[in-house]
Amino acid sequence: MAAYQDFNMEHHWLPFTPNRSFKKDPRIFVAADGMHFTTHDGRQVIDGISSLWCVGAGHNRKPINEAIKKQLDTLDYATAFQACNDQAFKAAEMLAAMAPGDLNKVLFCNSGSEAADTSLKVALAYHRARGEGHRNVFIGREKGYHGVGFGGMSVGGIPANRKAYGAALLPRVDHMRFIHDPVNHAYINGVEPVWKEGQEDLLLELENRILPLHDPSNVAAIIVEPVAGSAGWYLPPRGYLKRLREICDRHGILLIFDEVITGFGRMGTNFGADYYGVVPDMLNFAKCVTNGVIPLGGVICSDRIYDGMMNAHASSPDHAIEFFHGYTYSGHPVACAAAIATLNLFKQDKLFERAGQMGQVLGDAMHSGLKGLPNVIGIRSLGLAGAVELSSIAGAPGKRAYDIFMDCFHQGVLVRPAAENIVVCPPYIVEKEHIDRIVNVLADAIRKSA
Ligand SMILES: Cc1ncc(COP(=O)(O)O)c(C=O)c1O
């Protein structure tokens, strides 16, 4: 057993973490299996957040581990440029088969951030290839999260992630307003929020102000998460994504769904696109595609986009590259072998269906166990994820959720603070007893923080 004093913590600068306080009370995992971590001091902690939405199938899944080991001994790595490997083709074929509509062409990368930037670059390159290079405006949404690259940050809408980067953000970007109605949609359990008769339509501003301001003919793409994940699991009202699709179609604007969180079963379906019955032009993925075990991300593009890019080069010489973009590790054979094994495991164990079923168990438990507790001002659950929203402490935004998160951790449950929310999104293998424990510990922590 390692005491944390045994680690030299001076050299690792932790991401999205208050480093100074972490070192005073570190949270260090040394092993994981199924639903649980083991900490450096030998405690068991339930993974209530699928390790940041990644570990849908639970930890330490042998079929994935075995596939990785086998791949390492077969083809460890091969360059991705001007050559390829068999695993990348197999993984791409599986992803295309899972994706809705004509989303059939996969560009691999290594993370959700790279997927965001890749999709924005595809949008620009595609329009240019069709002779519409003037389409260079991107539209994101307030509180959207698309990773930490300059493209994803620019279309993202979480202020803390943007505020230090000023003029370095992309210039021609606008943001739609946020989707949440805190009055009418504070408590949502397992259904799509319904916009009330007479309520102001969220997308009118896009149609009547944002698009006319830039002129729709200049807009390259609109990018949204089907459900706003990082902001704290905020749900779009019924019909919102369909209308967004129609608006994009009317103006020749590409629609990008960032499904880094909603992809691969979180909603009980292959993708959020399937849950909402809306097919985007590009679909970004990462995280669960390999059960989080090895970094892999990508963008699934429509045939129309791919064909457009290829046709633009119909008379180019054979050696002409159609899209100057890619990463050294695009389609890494070990990551793709992990993806193939993960997608097979999801299917074999019917884990997406299970996520849908356990989602209702989670939603019911959160609503019955947390509603009415001090400072709770909302609970939203859909798919296998839920968030409880807390009133802010004056002058200390985010402190209440952070304190609750720390308390839960000390009680053996990992949840996620997101601004004033605590988010719960366990692996799809979760059992009711885990859910009950997570909700009970969370309820105690909420009471204590009052
Ligand atoms: C919707 C969305 N897009 C992009 C990202 C960034 O992914 P990564 O951290 O792998 O770069 C995330 C990460 O949480 C995400 O939720």
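Being a predicted model, the structure only gives us computed values, none of them experimental.

**A few points about the environment of V260**
Here's step 1: Here V260 shows up in the loop between strand 9 (254-258) and helix 10 (272-276).
Here's step 2: Judged by relative accessible area, V260 falls into the buried class, the value being 11%.
Here's step 3: Expressed as a C-alpha distance, the spacing of V260 and L414, which sit 154 residues apart in the sequence, is 20 Å.
Here's step 4: Excluding anything up to four places from it in sequence, V260 contacts G112, N284, F285, A286 and K287.

**Thoughts on the sheet that holds strand 10 (residues 282-285)**
Here's step 1: Overall, mixed pairing links the 7 strands, which are arranged 4-11-10-9-8-5-6 in an open sheet. Sheet topology places strand 4 (103-109) and strand 6 (173-176) at the edges, where each strand pairs with a single neighbour. Taking each pair of neighbouring strands and ignoring which way they run, the sheet shows an average axis angle of 20°.
Here's step 2: Pairing analysis gives 4 bridges linking strand 8 (residues 219-224) to strand 9, with the strands arranged parallel. Note on strand 9: the bridge partner recorded for V224 is F257.
Here's step 3: Of the strands in this sheet, strand 5 (137-141), strand 6 and strand 8 touch helix 8 (residues 204-214), which is tilted by about 180° from strand 6.
Here's step 4: Across the sheet, helix 11 (residues 303-311) lies against strand 4, strand 9, strand 10 and strand 11 (297-302), angled at about 80° from strand 11, the strand it touches most.

**Focus: the site of the ligand**
Here's step 1: Taken together, S111, G112, S113, Y145, H146, G147, E225, S230, D258, V260, I261 and K287 make up all the residues around the ligand.
Here's step 2: At a separation of 3.4 Å, a nitrogen atom of the ligand approaches a polar backbone atom of Y145.
Here's step 3: The side chain of D258 places a nitrogen or oxygen atom 2.7 Å from a nitrogen atom of the ligand.
Here's step 4: Contact with the protein chains hides 84% of the accessible area of the ligand, taken as 400 Å² for the molecule alone.
Here's step 5: For the shell around the ligand, the class distribution of residues is 3 nonpolar, 6 polar and 3 charged.

**A few points about unusual backbone geometry**
Here's step 1: The phi torsion at W53 lies on the positive side, around 70°, for a residue other than glycine.
Here's step 2: By secondary structure assignment, the location of W53 is in helix 2 (residues 50-53).
Here's step 3: Note on W53: relative accessible area 3%, which makes it buried.
Here's step 4: Unlike most non-glycine residues, N291 shows phi in positive territory, near 60°.
Here's step 5: Mapping N291 onto the fold places it in the loop between strand 10 and strand 11.

**What to know about helix 14 (residues 399-410)**
Here's step 1: The end-to-end C-alpha distance of helix 14, which contains 12 residues, comes to 17 Å, matching closely the 16 Å that a straight helix rising 1.5 Å per residue would cover.
Here's step 2: Downstream of helix 14 by one or two residues, G412 has phi in the positive range, about 90°.

Conventions we followed
Residues numbered from 1 in each chain as written. Predicted model: local features only at pLDDT ≥ 70, side-chain atom pairs only at ≥ 80, totals over all residues. Heavy atoms only, no water. Helix = DSSP H or I, 4+ residues; strand = E, 2+ residues; numbered from the N terminus. Buried < 20%, exposed > 50% of the residue type's maximum accessible area, 1.4 Å probe, protein only. Contact = heavy atoms within 4.5 Å. Pairing = 2+ DSSP bridges. Axes fitted to C-alpha atoms, helices over the stretch in contact; angles between N-to-C directions. Near = heavy atom within 4 Å. Polar contact = N/O pair within 3.5 Å; in protein donor to acceptor, adjacent residues only side chain to side chain. Areas by Shrake-Rupley, 256 points an atom, 1.4 Å probe, with all protein chains shown as cover. Nonpolar A, V, L, I, M, F, W, Y, C, P; charged D, E, K, R; others polar. Expected span 1.5 Å × (residues − 1).

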